[in-house]
Amino acid sequence: MVRRPLLARAGGLAIGLAFALPLAILGVRAFADTWRAPALVPQDWGLRGFEAAFGGGATVEAFGNSIVVALGATALALALGWPAARVLGERRLRRPGVVFVALAMPLLVPPYATGAGLTEWFIRLRIIDSLGGLVLAHLTAVLPYVVLVLLAGFGTKVTELEDMGRTLGLSPARRLAWVTLPSVAPTLAAATVLGFLVSWSQYGSSLAVGGGLPMAPLVLFPFIGPDPQTAAALSLLYVIPPILALLVTARAASSPL
Amino acid sequence: MSGLHASRRWRDRALVAPAVSVLALLFGGAVAGMLKTSLVPLGADGLSGATLDTWRELLGDPAFVDALVFSLRVTVLATAASAALAVPVAVALRRRGLAIRSLAALPLPVPHLLVAVAAVLWLGAGGLADRLLGGLPVNLVRDDAGVGIVLVYVFRETPFLVLLMLAAMGRGLQERTEAAAVLGASPGQRALWVLWPTIRGPLVVGSIIVGAFVLGAFEVPLAVGPSYPPTLATFAFDATQGSVLAGEGLAAATLLLTSTIAVALAVAAVRFARDAEGA
Amino acid sequence: MTAEGGLLCRSLTVSPGGVGVLRGLSLEVAPGTRTVLVGPSGAGKTTLLRAIAGLEPLEGGEVHLVGRRIDGLAAHRRRIAVVFQEPRLLPHLGVEDNVALTLRAAGVGRGERRARARAGLEEVGLGGFAGRRTQGLSGGEQQRVALARALCAEPDLLMLDEPLAALDPNRREELRRLIARVQAQRGLTTLIITHDRAEAAELGERVALMLDGRIVQHDEPRALFERPVSAAVARFFGVANLLHGTVRDGHLSWAGVALPAPGPDGPATLAIRPDHVELAQEGPLRATVTEAVYTGAHVRLVALRGDHRLEAHVAPALAPPAGAEVTLELPAQRLWRLPGDSDSDGDGDGDGDGDGDGDELSEASGAPSSPADPR
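The residue numbering used here restarts from 1 in each chain and proceeds along that chain's sequence as written. Both sets of labels track the order of writing: A upward for chains, 1 upward for ligands. Under the rules for a predicted model, residues below a pLDDT of 70 receive no local features and side-chain atom pairs below 80 are neither given nor counted, while totals for whole chains, interfaces and linings still include all residues. Hydrogens and waters are ignored; side-chain quantities use all the structure's heavy atoms.

Asker: Please provide a residue-by-residue account of the packing of helix α5 (residues 112-123) of chain B against helix α7 (residues 147-169) of chain B, values included.
Answerer: Residues and elements named next belong to chain B. Each axis is a line fitted through C-alpha atoms, taken for helices only over the stretch in contact, and angles between the N-to-C directions span 0 to 180 degrees. Only DSSP runs of H or I with at least four residues qualify as helices, and only runs of E with at least two residues qualify as strands; both kinds are numbered from the N terminus onward. Where α5 meets α7, the axes come as close as 10 Å, and the angle between the chain directions of the two elements is 125°. For the element pair α5 / α7, the angle class is oblique. The two elements α5 and α7 meet at a crossing, and its hand is right-handed. Contacts between α5 and α7 involve His-112, Val-115, Ala-116, Ala-119 and Leu-123 from the former and Leu-151, Val-152, Tyr-153, Phe-155, Arg-156 and Glu-157 from the latter. In what follows, roughly perpendicular refers to angles from 65 to 115 degrees, roughly parallel to angles under 35, roughly antiparallel to angles over 145, and oblique to any angle outside these ranges. A crossing counts as left-handed when the near helix is turned anticlockwise from the far one by less than a right angle, and as right-handed when that turn is clockwise. Contact criterion: two residues are considered in contact whenever any of their non-hydrogen atoms come within 4.5 Å of each other.

Right, here's the structure in full:
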């Protein structure tokens, strides 16, 4: 394109910044000990927000719980979803519609609703307010996303390489490690990150079945109105694990096994 | 049909079975749980004590009707605004590099709750926008119209729709546009005949997901929504905070209804898109 | 001929996706020889290759390799290497690691792996390529890497599926020579698939023609071109002239001209390649040229005598223009009587024997008989 490339590029940059910059306020507010109106820049910088965030022990416990639940739900979703994604991705089902409907339903229904509906049974199974119960509740939302992302990685390209591996004498385990996993690494990474994020962001379902257990978004919420600095500090902490997950898997995808 | 082929088909079904049955169990269990809680009062014995009292109470409650109307309005506004904004943004970013696309995609991994926090910091009373402009003419957070909720979802879901459309545009759109141009199609015709059919599918699917998301909105209205009217999900939540005995049933009925509406809207959207395609 | 030490497929029945593609197919490849399996697309060639390699399950039949029955073995336990139509190199590995993949699977140490991979690359003319990534390689180079990888496995059987199809003509020629040389040097039992009859002739010591899921003729290349067992075989190998008529007293009358046709009396078909039709000064077979197309190597003439049609390939210097009256000659030793009452298609079968007949027009009995259709 010769036509006004600079203008187009500047326009693109403006759009990009319009979506990126508003979030930066979290990073400023978290370190602003004093920021009285009508000043546009904080008067005092400091770590009061983080001190308040860690004032009670609940924050550390909540983040620990959220990480354990997110990892558990993602791992379970990958294990259950892998074979299904394979079959769907390779279009081996004659009527895949039924499966796709089963996958789509949990995405349409509010997570708070599924959580509330499961409460009844979780009480009977004595897994209410437990990490195991939270993993199952989150799985309802995580599994469809994991399958839908993962299936895009499978198809004739992968099966052709696997056939090549078979004729070269690679045993099933080696084929998986040397051919299949490296071939689907990018989508596997994407599915893992997305699964983690979906679980990490769950609010309603955690509230419904996790009642007494502190989870990251639940401890953040009460600060939003009354204490913006602590809310911002907790927000910063809250985005660290997803960003780490994003970086780690992006790395894993670019330099596979 | 050979036996070998049939056994392969059974094997393929068996491979899909774990994921599908776990989902069916969890999702089906959730629906059954909501149904039971909405019909059987707490403490009653089994299904014999089932009544429609809760449903009658719910549908007669003007607060519920307000919540329903409010939720639907917010859903339509947020979904339509996201879709309307996403199309020009996707077109503008079509030829931009990874860096700019990544900037625009930044809200995607950020949980809704954090977007709500940022919205309060920017748009709340005494927030940064207030200070920059020397006073906001309208209230944008915790406002009665739910503008804050809509803004949070538009900011968060527009990049999602943009990403879906960019993925679809990556597959041969350039080549097909060139082919149309060589055949004499004007820019407007190219947009209508080549670009629009390419992005329509992902836009419809993405909008359905966004719509379902906003309809079930919970933490965002709790953070930036008005105290009244509530959304459907926060109405359900409020019910459980009131009287524990009747509240659980009311909440379950509300959420079940919300789920049904979400699915019905999705089905209607798919139908509508298909008809439009056929026309 | 026995395939002790070679490949022996007996009555293979294969139905990929529930569709019967192979129904009772048999094929032998003698040890250390090169057979080309040729046929139009859709004939089932790739299905056969996949079945032999163990990628497609058998519903019936047996596969033997080096005297051992292998159809019960998983694909990775068969000592068969395949070069596919696309190179199928692993994108995350470099050239050397791709070639050494099978050695790594066999537990060969790093040093030896490296040495053998480099030797393999040397053998296919890619010395110096060991450290390269696969992405920047040309199609021909990628296909050579795939060949080196297959050779590194030291298989009992090497199979190549349309290895030249994706290459431009010059690269094809190089790779064709390379495949022939490597196969001969190593004495590898080799099965090559192609849809191109010229490629089949150039690559094969023996050629098996596959039509509609069956091997219809398996012989030395020249026999398929000059002594086809059926009209279908003749057509596939470019025998454009199939002259139908009735034989009486050793002659077939065609367009009012008596052509020598040995064998019993009755309806028969004579076949002659366009390159064997000659221009003559005098003779009974006068015809009108309706088409003369210069093709680079020769001029393709289409001549009509009444409603009888003949095609001839003649040297450009001698070619008459369209509309000219010419006299054509069909040399007796080039005329081939199709075995049987061969008016119909696809009625031949089995392993024809290439020995014996030479170029002479021979008794129809010199060609393989047509056993009952396996269907």
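Asker: Describe the pairing of strand β19 (residues 325-329) of chain C, with residues and values.
Answerer: Residue and element names in this part refer to chain C. For strand β15 (residues 278-280) and β19, the ladder comprises three bridges, and the chain directions are antiparallel. For Glu-278, the partnering residue across the bridge sits in β19 and is Glu-329. Across three bridges, strand β16 (residues 286-294) lies against β19 in antiparallel orientation. Each residue of the ladder has a partner; that of Ala-287, found in β19, is Val-326. Should DSSP find at least two bridges between two strands, the strands are taken to pair.

Asker: Pulling in residues and values, what's your account of the environment of Ile-215 of chain C?
Answerer: Mapped onto the elements of the fold, Ile-215 of chain C is located in strand β10 (residues 214-219). Separated by 89 residues in the primary sequence, Ile-215 of chain C and Leu-304 of chain C have C-alpha atoms spaced 34 Å apart.

Asker: How would you sum up the interface of chain A and chain B? Please name residues and give values.
Answerer: Tallying the contact residues gives 70 residues for chain A and 66 residues for chain B. Take the accessible area each of two parts loses on contact, using a 1.4 Å probe, and add the two losses: that sum is the buried area. Summed over both partners, the interface of chain A with chain B buries about 6000 Å², with 81% contributed by carbon and sulfur atoms. Taken as a group, Phe-19, Leu-108 and Tyr-112 of chain A account for 13% of the area that chain A buries against chain B, more than any other trio of residues on that side. Salt bridges are defined by distance alone: a side-chain nitrogen of Lys or Arg within 4 Å of a carboxyl oxygen of Asp or Glu. Put simply, chain A and chain B have two salt bridges between them. In this structure, Glu-120 of chain A engages Lys-36 of chain B in a salt bridge whose closest nitrogen and oxygen atoms are separated by 2.7 Å. Pairing of N or O atoms within 3.5 Å defines a polar contact, subject to two protein rules: one partner must be a possible hydrogen donor and the other a possible acceptor, and residues neighboring in sequence count only if both atoms are side-chain atoms. For the pair chain A and chain B, the interface holds five residue pairs in polar contact (both at pLDDT 80 or more). The element best represented in the side of chain A that touches chain B is helix α1 (residues 5-20) of chain A, accounting for ten residues.

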